[in-house]
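Coordinate inspection notes
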Amino acid sequence: MRSYYPTIGIEIHTQLATKSKMFCGCNNDSRKAKPNTNVCPVCMALPGTLPVVNKGAIEMAIKLAKGFSAEVASVTSFDRKNYFYPDSPKGYQITQMDQPIIQNGFVEIFVDGKFKKIGVHHAHLEEDAGKLTHPSGADYSLVDYNRAGTPLIEIVSEPDIKSAEEAKRYLQEIYNIVTSLGICDGDMEHGNFKFDLNVSVSDDPNKLGTRTELKNLNSFRNAERALNYEIERQIDTLKSGDTIEQETRGWNDAKTITFSQRSKEEANAYRY
C-alpha cells in the first residue's frame, strides 16, 4: 500500500508586550478599550504622517533571537506588503520581506521519547491590522482599528515538522520562550499569540506536495486537530485520483473540519 508523508511549516504571529504600537505612541493594550479609541493620525495613515519605529520592539526582537540561538541581522529594513481590505487603513502593511531582523535559528522539542531540532528560518517585525466583526444576520461588518499598528514578530519555521503532534509541541515551545522572555503576555484569547499552519502530503518523502494554509488558529488543541483532519483530507483526495488545490482554509471547531476560504496568494500578488 502506498504511504503518504506530511510536511508542516508554521508561521506564528506574536504580539509584543510593548507599551506603545509599532510606529506611533498609541497604547498597545486595547483589550478593555472602546472601539477606535487607541488610534492616531499615524496608525490611521492620514496624509503627511510618518512612522517612527518602536525601539522597545527592536530590543525584544534581539532578545528573542538569543532565545532561538539565531543570528541578529546587522542590517534590517522594512517593506510594504500591499493589500486592500477594510481592516488596513493604510492599504498596505509595514513588514519585513528582504532583510528580516532574525535569521537561522532553531528550537528543540521533545516528542516520542527523544529531542528533535526544528529550524526557525527567520522572524520579522511587522504591524498588525485592525479587527473586523461580522454580526450574525447583518448585511454589514464593523471595523475596530485599535489593533492597527500593534507590533508583531512573525516567526517562520523551516518545513521540518512531520506530524500534528510535533506541530503542537513546537507551538508550545515557542509560546514558552516568548512568555518566559517577557516579550509577549501570551493572551491567546485576544489574539496575542496566533498562527497559520502550512501543510502538504506526498507519496515521495523527498518531494513536497501542494500545500494548503490553515489561517488564524489560537489554540494548541485545535492546531493538532485541524492538522490531523487536513492531512487525512489531503491523503483521501490523492487516493481518489484528484489533485490538491493550493488554497487558504479555515477551521470549523464545531464541525471539526477545515473549509475552503480563498485561493492562496503568491508573494508577487502583494507587490512588496
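Residues numbered from 1 in each chain as written. Predicted model: local features only at pLDDT ≥ 70, side-chain atom pairs only at ≥ 80, totals over all residues. Heavy atoms only, no water.

Counting residues in hydrophobic clusters, the biggest one holds 53 residues, and the most contacted among them are Ile10, Ile155, Tyr170 and Phe195. Looking at which element gives the most residues to this core, the answer is helix α2 (residues 164–180), with eight residues. (Core = buried A, V, L, I, M, F, W, Y, C linked by side-chain atoms within 4.5 Å. Buried < 20%, exposed > 50% of the residue type's maximum accessible area, 1.4 Å probe, protein only. Helix = DSSP H or I, 4+ residues; strand = E, 2+ residues; numbered from the N terminus.)

What follows covers the sheet that holds strand β12 (residues 247–252). The mixed open sheet is built from nine strands, whose spatial order is β2-β5-β6-β9-β1-β10-β11-β12-β13. Two strands close off the open sheet at either side, each with one partner strand: β2 (71–72) and β13 (257–263). Relative to β13, β12 runs antiparallel, the two being bridged by six bridges. Counted as the bridge partner of Asn252 is Ile257 from β13. Contacting β1 (5–15), β5 (102–111), β6 (114–127), β9 (151–157) and β10 (193–202), α2 crosses the sheet at an angle of about 120° to β5. (Pairing = 2+ DSSP bridges. Contact = heavy atoms within 4.5 Å. Axes fitted to C-alpha atoms, helices over the stretch in contact; angles between N-to-C directions.)

Let us look at α2. Over its 17 residues, α2 extends 24 Å from the first C-alpha to the last, a length consistent with the 24 Å expected when each residue adds 1.5 Å. Turning to α2, its buried residues number three or more, namely Ala164, Glu166, Ala167, Tyr170, Leu171, Ile174, Tyr175, Ile177 and Val178. Just past α2, the residue Gly182 takes up positive phi, approximately 80°. (Expected span 1.5 Å × (residues − 1).)

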